[in-house]
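# A look at the structure
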Amino acid sequence: MKVLHQSGSAGKRNTFVKMLPFLCRWRHFRYMMFVLLGGLLGLFVLLTPVFGDSAVLNKSLTMQLLDLLNLDYPGLEAVKSAVQAGNYNAAVQALVQYYQKRQFPRWYTDTLERSLWVFQDDASADDILNRKFTILLKTAQLSRQIDWKASPFGDREWAWILNRHQFFQTLVKAYQDTRDEKYAADFDEIIRDWIIRCPVPSEPANSSAEWRTIEAGIRMMSSWPIAWHMFQKSPSFATTTRILMLKSFAEHADYLMKFPTFGNWTLLESNGLLHVGVLFPEFKDAPIWRKTAVERLVQGMRSQVYPDGAQFELTTSYHNVCLFNFLQPVILKQFARDVEFPSDYYEGLRRMMLFNMGVVRPDGIWPMLNDSDADTVQNTVIEPALKLGGSKVKELEPILKMKPSKESVCLPYAGIECMRTGSEPEDLYLMMDAGPYGALHQHEDKLNIEVYAYGRPLVIDPGRYSYHVGEPFRAAGAHNVVLVDGMGQNRASNESVRVIKEPSLGLRWFTSSGFDYAEGVYDEGFGLQSDKSVVHVRKVFFVKPEYWIVIDVLKGNGRHKAEQLWHFTPSKLKVAGKCVQSVVANSANLAVVGSTDADIRVVEGEETPVIGYVSYRYNERQPSPTAVFLRECELPEAFETVLYPSPAGKSVLPRVERIRCLVEEKRPAKGALSAISIRSSEYEDLFVLCHDPEIVGKTKRFLNYKFTGEGIWLRTKGGKVLKSFYLSGENTCELR
């Protein structure tokens, strides 16, 4: 995940001056005192496993915690009486008993049926006991006293996820299943060590391993409250640790209040803040925590979610991270009477789920847009929400019951155009990403295409691989786009293409029962200098339910090299003439057939540059063939390519040729239109499409046919027209 803030390191002379306005506010002053005293107390508390062995110091710790609590809160009468009598040991014991007996609010469920956010943390409970951690598919043996800054593989993401403490849920599950106190005792040892040795910072620490605000939010909305509630009855959960943990809950909330960030981080932070405010209403500041968290979530929904439902980072993985963090608070509000969300918030949830249902493949897996792994909405959002009781929330019931779209859809703000024949596993599907760069987690992938047919993905986005060494996966060469003179897209330096206020420019869309048409434009420059002398327009025509015609129009002047990339899923590829065809036994296959000659090569598993890989999960990659069609030509020019899928046991290899087409009986300018013949064993299909607006209204003649308009497709047999589709030139793309 992106680092959004860097910790400050001002000179000593300026430190006190900078802190003056901070110290002038009582809440901030109190917060600073907690930070300063916490480190001093830590060493002694660590050496004092039983409360009372160090009365003076533990009295100070207790008084800090009690000062944070509203002792007039119902149920804390015994705590208040003990405090008034000056008996702090009794106050602590009464507080511990209160939480052990408290029935409301509690965690969503009494048992942990399904862990949250542990998809990147795979250590077993016994491995954790032995300090052997598997994170992001990489295993490391740590010392008994965990090094919380550990980054054994050079990837800081490993340390960040370690500090999310999701492995607490693994210990909880083992404790539930076995009732063996060793798991509770280990949790007690680990959480106490972390709190003492990782004190809350006084400034945002988003470059640290322990206190990035995103980790603080994740701890508060999942691992910490789960462990707190599930270990309440364990005798191994020491009183001192409970006091430390309660105080740290409040410190987390104060930290999240003070240092909000941006993008998906804001939602995780706010969700965590809301959980502390709702699950620990005994704190004096709980009402303001709840109010602030709700305000930030509502503002996030309004500012980050486009009218078509896409979260503005435009990555399917993070879209669903955000959706869950918008959705979970709605389930949580059952535990707080003063938590409500406006109607447009629920409408935003509906639109976000509609986005999912529009883009998912027929096998239920989402396309790996930008920084994404392969996963499903069912696994990441719906099932976790149902386990937390989402089906009992009337506003969420219809959202959680949504089904994938059976129809082709255009999402005009995200710039996603999805063509499909249905939502069953054997249906056909093509997705083109013709939208903006995105707010965060971007790839250079505009006009990228993914193809799925007859039960399996055929052409894919290769994923993100790693934030540590995964930069080649973000480059244009890792996507199904066109490189110009060896150079890829370069939008990173253009702030204006990250977040938009209107539908994506250059987007065109038309859908009908017989065909779909999609169009997108890349005009933001190629190479390090963002050379804008060449513009790429990609057009896709779907002949339902059989095949696609992809036309790449390159506008510009002079002679250039164009490399058209097709990243196949792992398979054997066969090259023959102008065609590349996958060869996988007992499975669907795809033929990619050009209309003109090209220098075709297949690369797989290359390191310099990195190309020919696919990554379905973070830190995991495997060789996967990439077909490169290289052509050198004078611009403007248009390249026609047919994508023809075949079901298992059948292989269709059409013959694709250019045909002559005149405009008002004159030869058109180079690159002004495309005219091709697509021959199979049964039919000859004819397709003409104009690229120059000036000739749309003029009469075009090809073979024995004439038409006026933007485009036409004919299916012929023996000289007779069996079927035809006509493209008039209108642009239709509506929100659902």
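These remarks concern the structure in this document. None of the values given here were measured: they were computed from a predicted structure.

This part covers the overall build of the chain. Per the secondary structure count, the chain includes 18 helices and 29 strands. Here the C-alpha radius of gyration of the chain, 30 Å, is about what a compact globule of 736 residues would show, namely 27 Å. The principal-axis extent of the C-alpha atoms belonging to the chain is close to 105 × 50 × 50 Å. When the 736 residues of the chain are sorted by exposure, 61% land in the buried category. Within the chain, contacts between residues separated by at least 24 positions form 68% of all contacts whose residues are at least 6 apart in sequence. With an accessible surface of roughly 28600 Å², the chain has 52% of that area assigned to carbon and sulfur atoms. Distance between charge centroids for the chain: 2 Å, based on 87 positive and 85 negative side chains.

Further remarks concern the pairing of strand β13 (residues 572-576). Relative to strand β14 (residues 579-583), β13 runs antiparallel, the two being bridged by five bridges. Within the sheet, the bridge partner assigned to K572 lies in β14 and is V583. Turn length for the β13-β14 hairpin, with the two strands adjacent in sequence and antiparallel, is two residues, and the turn residue G577 shows positive phi of about 65 degrees.

This part takes up helix α11 (residues 239-258). Between its terminal C-alpha atoms α11 stretches 29 Å, which fits the 28 Å expected from 20 residues at 1.5 Å a residue. Summarising burial for α11: 20 of the 20 residues are buried, a large majority.

Right, let's get into the pattern of salt bridges. The tally for this structure, following the rule as stated, stands at 46 salt bridges. Notably, a salt bridge pairs E347 with R350, separated by 2.9 Å at the nearest N-O pair. Taken together, the residues span about one helical turn, with E347 and R350 both in helix α15 (residues 343-359) at a distance of three residues. With its nearest N and O atoms 2.9 Å apart, the salt bridge here joins D516 to K544. Taken as a pair, D516 in strand β10 (residues 515-522) and K544 in the loop between β11 (535-543) and β12 (547-567) lie far apart in primary sequence, 28 residues in all. Here D516 matches K544 in class, with each residue buried. What you see here is one network of salt bridges that share partners, running through R131, R144, D186 and E189.

Strand order in the open sheet made by the three strands is β23-β26-β27, with antiparallel pairing throughout. Unpaired on one side and paired on the other, β23 (661-663) and β27 (705-708) mark the two borders of the sheet. Taken over all neighbouring pairs, the strand axes of this sheet differ in orientation by 25 degrees on average, direction set aside. Here strand β26 (residues 699-702) pairs with β27 via four bridges, running antiparallel. Residue F702 lies in a different strand from β27, and its bridge partner there is Y705.

Right, let's talk about the nonpolar core for a bit. Membership of the largest hydrophobic core comes to 123 residues, with the highest contact counts inside it found for F283, F326, F341 and L349. Here this core takes ten residues from α11, the largest share from any one element. In contact with F326, not counting residues within four places along its chain, are L267, L297, G300, M301, V305, Y345, L349 and M352. Core analysis: the next-biggest nonpolar cluster, separate from the first, contains 40 residues, A453, F542, F639 and L643 among them.

All right, on to unusual backbone geometry then. Glycine aside, negative phi is the norm for most residues, and most peptide bonds take the trans geometry. Here the residue pair K544 and P545 is connected by a cis peptide bond, since its omega of -5 degrees sits within 30 degrees of zero. The step from T608 to P609 runs through a cis peptide bond, and the omega angle for that step is -10 degrees. Looking at the secondary structure, you find P609 in the loop between β17 (606-607) and β18 (610-611). Phi at L136 takes a positive value of approximately 55 degrees, unusual for a residue other than glycine. Structurally, L136 is set in the loop between β1 (132-135) and β2 (138-141). We note that L447 has phi near 80 degrees; this positive angle belongs to a residue other than glycine.

What follows covers the packing of helix α8 (residues 167-178) against helix α9 (residues 181-197). One way to put it is that α8 packs onto α9 with a least axis distance of 8 Å and a crossing angle of 155 degrees. Compared by their axis directions, α8 and α9 come out roughly antiparallel. Of the two possible hands of crossing, α8 and α9 adopt the one that is left-handed. Contacts from F167, F168, L171, A174, Y175 and T178 of α8 reach α9 at E181, Y183, A184, D186, F187, I190 and I191. Split into classes, the residues belonging to the contact of α8 with α9 amount to ten nonpolar, one polar and two charged.

On to the side chain of S423. With respect to the secondary-structure elements, S423 resides in the loop between β4 (416-420) and β5 (429-433). Ignoring anything within four residues of it in the chain, the contact list for S423 reads P362, P404, S405 and K406.

Cut-offs used in this document
- Residues numbered from 1 in each chain as written.
- Predicted model: local features only at pLDDT ≥ 70, side-chain atom pairs only at ≥ 80, totals over all residues.
- Heavy atoms only, no water.
- Helix = DSSP H or I, 4+ residues; strand = E, 2+ residues; numbered from the N terminus.
- Rg over C-alpha atoms; globule rule 2.2 N^0.38 Å.
- Buried < 20%, exposed > 50% of the residue type's maximum accessible area, 1.4 Å probe, protein only.
- Contact = heavy atoms within 4.5 Å.
- Areas by Shrake-Rupley, 256 points an atom, 1.4 Å probe, with all protein chains shown as cover.
- Lys, Arg positive; Asp, Glu negative; His and termini not counted.
- Charge placed at Lys NZ, Arg CZ, Asp CG, Glu CD.
- Pairing = 2+ DSSP bridges.
- Expected span 1.5 Å × (residues − 1).
- Salt bridge = Lys/Arg side-chain N within 4 Å of Asp/Glu carboxyl O.
- Axes fitted to C-alpha atoms, helices over the stretch in contact; angles between N-to-C directions.
- Core = buried A, V, L, I, M, F, W, Y, C linked by side-chain atoms within 4.5 Å.
- Parallel < 35°, antiparallel > 145°, perpendicular 65-115°, else oblique.
- Left-handed = near helix turned anticlockwise from the far one by under 90°.
- Nonpolar A, V, L, I, M, F, W, Y, C, P; charged D, E, K, R; others polar.

Structural measurements only, silent on function.
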